[in-house]
Amino acid sequence: MSTPFRLFSLPFLPLKKVLDNFTPQGIIIISLCSQRSKSIAVSYRGPSKDVKLQLMYYNAIDLCHDFTDLINVDNVSDLEHLEDPILPTVPIGKFRNVQYTMSEDTDEDCLVTYWYNQLTGLMEIGNYARQLFNRDISQVNIGGTDMDDYKRLIKWTMDTQGYIENFHFEPENTLDEDLDYVLENVKCTGCLSITAKPSENYRPAKPLVCDLDQLAIHYGFWIKQEDLLTINCRVVRMEGGSKLTSQDFNVFLKHWMTGGCSKLKLFHVSVEEVINYETILDGVEFIARGDDVKREYVNDENTVDIMTGGFDVKRQSDNITATITENSKRFYMNIWPDFAGNSY
């Protein structure tokens, strides 16, 4: 019979070296063994806790790190298919007896927990993860078909942290008031990604204000000229047939040239109407580049865009140059230096 290894009898430095080789899943599992093990896991500082915590309220409900499941949140009704529905329990947050199993569907150990209300479970696990890993939730994804409780999760996130770094909203069916709630209540600092299709004549209930790192809008038909003038983001991408016109882009370009949208580095918009570059550049000083001029632009995803020809426009206040490249149905505006620091 082997003698159990008394991990917590190790001195601090050897114990830290052991914990340094744990996965985030391992840190979670060891924290649930006892109050002492939880205290050690919380106080530990090291690479095993270098995580980007994500809450997924989608077709599956999970706590993730880098899109790898850490804790699944299932409903107790899912226990009915088990031959032996009596499972071990662990305390999580205010809940003392949360039933669990270990997932056998992934390469990594993943805790599967069972709750009477899955959203309550996700928020309790979110609180537990914030305490355990000594950091806020960095990303929330909301989508799918079951949208009844999404406001609860947004309110919990804002009340708990005050902001979220990255927020992705991808419902299968969108009511106008759903999108209004997201735009008015989500305080995002990193990437706000919206894949939502409101009604044809939708307009935000309040003026759109986006001062963050990245804005990605799919089905961007509802974005108007006045919305462009309130956006201050480093990266803006709009897909799904924007109704913005060449005249709208002319107004936006002049807005940028006078200091508006000062953080902008990349602005790409897919449009329905064929683009007229004479209209876009009307009243703007520019240098036209021939098709023999090819330049590499390293974008925010660290991939290279090959830019052929185009029009260079300089902002006089700081000599920053933007290049607008020609495409009949997509407006491309890239600002130098690129994301790798390369000048044009």
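Note that the structure is a prediction, hence the values are computed from the model and not measured.

Peer 1: Any details on the pattern of salt bridges? Residues and values, ideally.
Peer 2: Under the definition given, this model contains 16 salt bridges. For Asp-213, the salt bridge identified is with Arg-234, shortest N-O distance 2.7 Å. Linking Asp-213 in strand 10 (residues 210-218) with Arg-234 in strand 11 (residues 231-242), this pair joins segments that are 21 residues apart in sequence. By relative accessible area, which is 22% here, Asp-213 ends up partly exposed. What makes Arg-234 partly exposed here is its relative accessible area of 30%. Here the residues in one salt-bridge network are Arg-203, Glu-226 and Asp-227, joined through shared partners.

Peer 1: Describe the nonpolar core, and please don't skip the residues or the numbers.
Peer 2: With 88 residues, the main nonpolar core has Leu-153, Phe-167, Phe-267 and Met-333 as its most contacted residues. With near-sequence residues (within four places) excluded, Phe-267 lies in contact with Leu-228, Val-236, Phe-249, Phe-252, Phe-331, Tyr-332 and Met-333.

Peer 1: Before we move on, could you go through helix 5 (residues 150-161) and cite the residues and values that matter?
Peer 2: Its twelve residues give helix 5 an end-to-end C-alpha distance of 17 Å, which sits within 8% of 16 Å, the value for a rise of 1.5 Å per residue. Among the residues of helix 5, those classed as buried are Tyr-150, Leu-153, Ile-154, Trp-156, Thr-157, Met-158 and Gln-161. Against strand 1 (53-57), helix 4 (118-133), strand 7 (139-144), strand 8 (164-171) and helix 6 (176-185) lie the buried residues of helix 5. Looking one or two residues beyond helix 5, the residue adopting positive phi is Gly-162, at roughly 90°.

Peer 1: Can you tell me about the environment of Gly-260, naming the residues and giving the values?
Peer 2: On the secondary structure map, Gly-260 appears in the loop between helix 8 (246-257) and strand 12 (266-271). Overall, Gly-260 belongs to the buried group, its relative accessible area being 11%. Along the chain, Gly-260 and Leu-228 lie 32 residues apart, while their C-alpha atoms are 9.9 Å from each other. Contact partners of Gly-260, with chain neighbours within four places excluded, come to His-255 and Arg-315.

Peer 1: Outline the side chain of Asn-166, supporting the account with residue identities and numerical values.
Peer 2: Within the fold, Asn-166 resides in strand 8. Given a relative accessible area of 16%, Asn-166 falls into the buried group. When residues no more than four places from it in sequence are discounted, the contact partners of Asn-166 are Ser-138, Gln-139, Val-140, Cys-188, Gly-190 and Cys-191.

Peer 1: So what's going on with the confidence of the model for the chain? Residues and values would help.
Peer 2: Across the chain, pLDDT averages 92, with 95% of residues at or above 70. No element of the chain has a lower mean pLDDT than helix 1 (residues 12-20), which averages 89, and none a higher one than helix 9 (residues 277-280), which averages 98.

Peer 1: For the packing of aromatic side chains, give the residues involved together with the corresponding values.
Peer 2: All told, the structure shown has 13 aromatic pairs when counted by the stated rule. On the basis of an interplanar angle of 40° and a centroid distance of 5.9 Å, the ring pair of Tyr-150 and Phe-169 is categorised as tilted. Placement of the pair is Tyr-150 in helix 5 and Phe-169 in strand 8, with a sequence separation of 19 residues. Across the pair, Phe-169 and Tyr-150 agree in class, each one buried. On the basis of an interplanar angle of 25° and a centroid distance of 6.2 Å, the ring pair of Tyr-277 and Phe-311 is categorised as stacked. With Tyr-277 in helix 9 and Phe-311 in strand 14 (residues 304-315), this pair connects stretches of sequence that are 34 residues apart. Take Tyr-277 and Phe-311: they sit in the same class, and that class is buried. Members of the aromatic cluster, joined through ring pairs, are Tyr-150, Phe-167, Phe-169 and Tyr-181.

Conventions we followed
- Residues numbered from 1 in each chain as written.
- Predicted model: local features only at pLDDT ≥ 70, side-chain atom pairs only at ≥ 80, totals over all residues.
- Heavy atoms only, no water.
- Salt bridge = Lys/Arg side-chain N within 4 Å of Asp/Glu carboxyl O.
- Helix = DSSP H or I, 4+ residues; strand = E, 2+ residues; numbered from the N terminus.
- Buried < 20%, exposed > 50% of the residue type's maximum accessible area, 1.4 Å probe, protein only.
- Core = buried A, V, L, I, M, F, W, Y, C linked by side-chain atoms within 4.5 Å.
- Contact = heavy atoms within 4.5 Å.
- Expected span 1.5 Å × (residues − 1).
- pLDDT = per-residue confidence, 0-100.
- Phe/Tyr/Trp six-rings, centres within 6.5 Å; stacked < 30°, edge-to-face > 60°.

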